[in-house]
Amino acid sequence: MPTQAAGVQFCVKNEQGEDLLLSKRIAIAVAEGESPTALLAPAQFTATWQGQLNIEKRSRVYFSFEGVGSAELFIDGESALKEESKLGSTESERLRLNSGLVPIKVVYTSPESGAGHFRLMWRGREFGKEPLPASLLQHEADDKLSQATLVRRGRTLFAELKCAQCHDSEKGMPEVSEMAPSLAGVGSRLDEAWMVEWMKDPKSLRAHARMPKVLSNDDDAKHIAAYLKTLTESAPKVIAGDKAAGANTFHDLGCIACHRSEIDQDIATWNHAPIDLFNTGQKYSDGALVAFLKQPGKNHASTRMPDFGLDDKEAADLAAFVRSLATKKAILTEKGDATKGKDLVASNHCAQCHDGVEKSTATYAPLAQLSSKATTSSSCLGDTGKGAHYGLNADDKAALTAFLADQQAVKSLAHFNKAEYASRQFENLNCAACHQMDDDLSGLTKTHTLSAKYTSAVDKAHGHGGTPPDLTFIGEKLRPDWMAQLFSGTLKTKTRPWLKQRMPAFPSRAKNLAEAFPAAYGRS
């Protein structure tokens, strides 16, 4: 029997080709000059959503469209509504949907310009006209969709792992242009012994580190750390913090949603792999952790670390608490040679991903030629030989290999689709750690009790209005201009002032996110 899964199959065709992906909603919005999907170039397109409605009890409903273009709805194989030009002037006849899985198909064609928007709406006796809920949509999984999903996963990994910094490619996909943290002034921020351990093997300090292992011996790590320690700037201000107050802040902000604070905490408690904090206290020089908590993006514009707008006291208190979680401290047993380290930074081409050090003149295989090398053990996907080794699992290697073998996907790095950007960043920024989306509860509902023991607050449990808002209808409810201010941290009023958690800022992504969420819901 076919496996049922959430969402519907979404096939888009234009003169450039065809693309298949999973969609959580029957909605689309494409601006002029924008790609209808991430893998297709801008052009007039036809989109088809196909799957089933999971109807809980027999219902009598009416369907209608919103948007511009032409569209047709099929229920259980029969045409139920067809409309052209400006959509929404009519609705279907009253339809009886029996309980169970009801086949649904929607075909939408954009105007000739390729710019268009569309949403499927419905209404019933017990509710007014609204977008068809994502929670009702299901589809039958098949090999074609699974392969298309694998290619998309590889495309995302290619961007997140900074592969394009060495293997030149088009840069329409925003993540492709993102750099790793700047090394300018890094010697004033990071502990030298910690840097040695990090460069030996990043995953030894952070299990899911995106930084690859590039060095073949431990001595090289000492030399590079010695050199990086010479790259200094004005020392950050040292502010004494209160560990107990920091523990309260840690709990109130819900930091535990993304971070594991103790080594014996079960990783399975988190929906998304947590970042361990018990190795963080030793990472920063005095004052540098406070500065980082106040301005996470100062030296890394595309950081995933949220900016909570902490003041000096809050940051100092939180830093004191985080430092107290350390289970060990790296010891520098032998000082490296900074001159050798500078040469090693150049020969290992660190400047491909990090600014603040001298640019290299290295050349790498063009992206189009990578598919033949992608599966070899000495490539970046392997674990031996000279180069960057990411320690990828078998699934990630398979995804990257599938992406590199698909020339349509490789060329798609030049394309930007807002709705898919919203989906990728929702996962990348771990928004589900604090927010419910559709029927998926937030991670905080499971993890928040783990940090309750650190706080002296009387009310340690969630009460009415005590959790961040449900984002199921974020693209329906919120204005793009307001979201741009919220995500950039420039909103003058505090949202939900009764919440102890606060909405952080992600300044480098603010504009794109503010436009992307409405697009995912078919709003132009």
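What counts, and at which threshold
- Residues numbered from 1 in each chain as written.
- Predicted model: local features only at pLDDT ≥ 70, side-chain atom pairs only at ≥ 80, totals over all residues.
- Heavy atoms only, no water.
- Helix = DSSP H or I, 4+ residues; strand = E, 2+ residues; numbered from the N terminus.
- Rg over C-alpha atoms; globule rule 2.2 N^0.38 Å.
- Buried < 20%, exposed > 50% of the residue type's maximum accessible area, 1.4 Å probe, protein only.
- Areas by Shrake-Rupley, 256 points an atom, 1.4 Å probe, with all protein chains shown as cover.
- Pairing = 2+ DSSP bridges.
- Expected span 1.5 Å × (residues − 1).
- Contact = heavy atoms within 4.5 Å.
- Polar contact = N/O pair within 3.5 Å; in protein donor to acceptor, adjacent residues only side chain to side chain.
- Core = buried A, V, L, I, M, F, W, Y, C linked by side-chain atoms within 4.5 Å.
- Axes fitted to C-alpha atoms, helices over the stretch in contact; angles between N-to-C directions.
- Parallel < 35°, antiparallel > 145°, perpendicular 65-115°, else oblique.
- Left-handed = near helix turned anticlockwise from the far one by under 90°.
- Nonpolar A, V, L, I, M, F, W, Y, C, P; charged D, E, K, R; others polar.
- Disulfide = S-S within 2.5 Å.
- Salt bridge = Lys/Arg side-chain N within 4 Å of Asp/Glu carboxyl O.
- Arc of directions from axis to C-beta.

Participant: Explain the overall build of the protein to me, please; I cannot follow it from the model alone.
Facilitator: When helices and strands are tallied, the protein shows 14 helices and 14 strands. On C-alpha atoms alone, the protein measures out to a radius of gyration of 25 Å, which is about the 24 Å that the 2.2 N^0.38 rule sets for 524 residues. Summarising its shape, the C-alpha atoms of the protein cover approximately 80 × 60 × 45 Å along the three principal directions. Within the span of the protein, comprising 524 residues, buried residues form 50% of the whole. Per element, the accessible surface of the protein, about 25,200 Å² overall, is 51% carbon and sulfur.

Participant: Hey, could you run me through the pairing of strand E11 (residues 127-131) in this one?
Facilitator: Within a regular beta strand, the side chains point alternately toward one face of the sheet and then the other, so they alternate between its two faces. Relative to E11, strand E10 (residues 116-124) runs antiparallel, the two sharing three bridges. From the neighbouring strand, Gly-124 faces E11, where its bridge partner is Phe-127. Where E10 hands over to E11, the hairpin turn is made up of two residues, counted between the paired strands.

Participant: Explain helix H6 (residues 312-324) to me, please; I cannot follow it from the model alone.
Facilitator: A turn of α-helix holds 3.6 residues, and therefore any two residues three or four places apart point the same way. Taking 1.5 Å per residue as the helical rise, H6 with its 13 residues ought to reach 18 Å, and the 18 Å between its terminal C-alpha atoms agrees with that figure. Taken residue by residue, H6 has Ala-315, Ala-316, Asp-317, Leu-318, Ala-319, Phe-321 and Val-322 as its buried positions. Those residues of H6 that are buried are in contact with helix H4 (243-253) and helix H5 (288-294). Measuring from the side-chain oxygen of the N-cap residue of H6 to the backbone nitrogen of Lys-313 gives 3.2 Å; that N-cap residue is Asp-311.

Participant: Even after reading the chapter, I still don't get the nonpolar core, so can you show me in this structure?
Facilitator: Here is a general trend for soluble globular proteins: nonpolar side chains tend to be buried in one another's company. Membership of the largest hydrophobic core comes to 47 residues, with the highest contact counts inside it found for Met-195, Met-199, Leu-228 and Phe-250. For this core, the secondary-structure elements that each account for two or more residues are helix H2 (192-200), helix H3 (218-228), H4, H5, H6 and helix H7 (338-347). The leading source of residues in this core is H6, at six residues. Core analysis: the second largest hydrophobic core is formed by 33 residues, Val-12, Trp-49, Leu-73 and Leu-120 among them.

Participant: Before we go on, may I ask you to explain the packing of helix H13 (residues 480-488) against helix H14 (residues 510-520) in this structure?
Facilitator: Working note: a packed helix pair is described by the angle between its axes plus the distance between those axes. In contact at an axis separation of 8 Å, H13 and H14 are set at 140 degrees when each is read in the N-to-C sense. Accordingly, the angle class assigned to the pair H13 and H14 is oblique. Considering the relative orientation of H13 and H14, their crossing is right-handed. Where H13 approaches H14, its residues Pro-480, Met-483, Ala-484, Phe-487 and Ser-488 are matched on the opposing element by Ala-510, Leu-513, Ala-514, Phe-517 and Pro-518. By residue class, the composition of the contact of H13 with H14 is nine nonpolar, one polar and no charged.

Participant: Teacher, can you tell me more about the state of the cysteines here?
Facilitator: Two cysteines, two sulfur atoms, one covalent bond between them: this is a disulfide. All told, the structure shown has zero disulfides when counted by the stated rule. In this model Cys-166 remains outside any disulfide bridge; the closest cysteine sulfur is found in Cys-353, 5.4 Å from its own.

Participant: Could you clarify how one ought to interpret the packing of H3 against H7 in this entry?
Facilitator: Where H3 contacts H7, the axes come no closer than 7 Å and their chain directions differ by 100 degrees. What the angle tells us is that H3 and H7 run roughly perpendicular. Contact with H3, carried on its side by Asp-220, His-223, Ile-224, Ala-226 and Tyr-227, involves Ala-338, Lys-340, Gly-341, Lys-342, Leu-344 and Val-345 of H7 and no other residues of that element.

Participant: Which parts of the structure should I look at to understand the side chain of Glu-175?
Facilitator: Following the sequence through the fold, Glu-175 ends up in the loop between helix H1 (143-160) and H2. A distance of 3.2 Å separates a polar atom in the side chain of Glu-175 from a polar atom in the side chain of Gln-425. Ignoring any residue separated from it by four or fewer positions in sequence, one finds Glu-175 in contact with Ala-159, Tyr-421, Arg-424 and Gln-425.

Participant: Explain the pattern of salt bridges here, please?
Facilitator: A side chain of one charge can pair with a side chain of the opposite charge if their charged atoms are brought near each other. Overall, the coordinates contain 26 salt bridges when judged by the stated rule. Between Arg-152 and Glu-420 there is a salt bridge, with its nearest N and O atoms 2.7 Å apart. You can see Arg-152 sitting in helix H1 and its partner Glu-420 sitting in helix H10 (residues 418-428), a full 268 residues away along the chain. Between Lys-335 and Glu-192 there is a salt bridge, with the nearest N and O atoms lying 2.7 Å from each other. Separated by 143 residues along the polypeptide, Lys-335 in the loop between H6 and H7 and Glu-192 in helix H2 bring together distant segments of the chain. By relative accessible area, which is 8% here, Glu-192 ends up buried.

Participant: Please clarify how unusual backbone geometry should be interpreted in this entry.
Facilitator: Most peptide bonds take the trans configuration, and most residues that are not glycine carry a negative phi. With a phi close to 60 degrees, Asn-430 is a non-glycine residue in the positive phi region. Summarising the element assignment, Asn-430 is placed in the loop between H10 and helix H11 (444-452). The phi dihedral of Asp-438 is positive, around 55 degrees, even though this residue is not glycine. Mapped onto the secondary structure, Asp-438 falls in the loop between H10 and H11. The exposure class of Asp-438 is buried, given its relative accessible area of 11%.

Participant: Explain H7 to me, please; I cannot follow it from the model alone.
Facilitator: Buried within H7 we find Gly-341, Leu-344 and Val-345. Taken around the axis of H7, the buried residues stretch over an arc of 105 degrees, which confines them to a single face. In H7, those exposed residues whose orientation departs by more than 90 degrees from the buried face are Thr-339 and Asp-343. Next to the buried residues of H7 lie H3. Two or three places before Thr-339, at the opening of H7, Asp-337 has a side-chain oxygen 2.9 Å from that residue's backbone nitrogen. One or two steps after H7, the chain reaches His-349, where phi turns positive at roughly 60 degrees.

Honestly, that's just the spatial picture; any functional story needs more than this.
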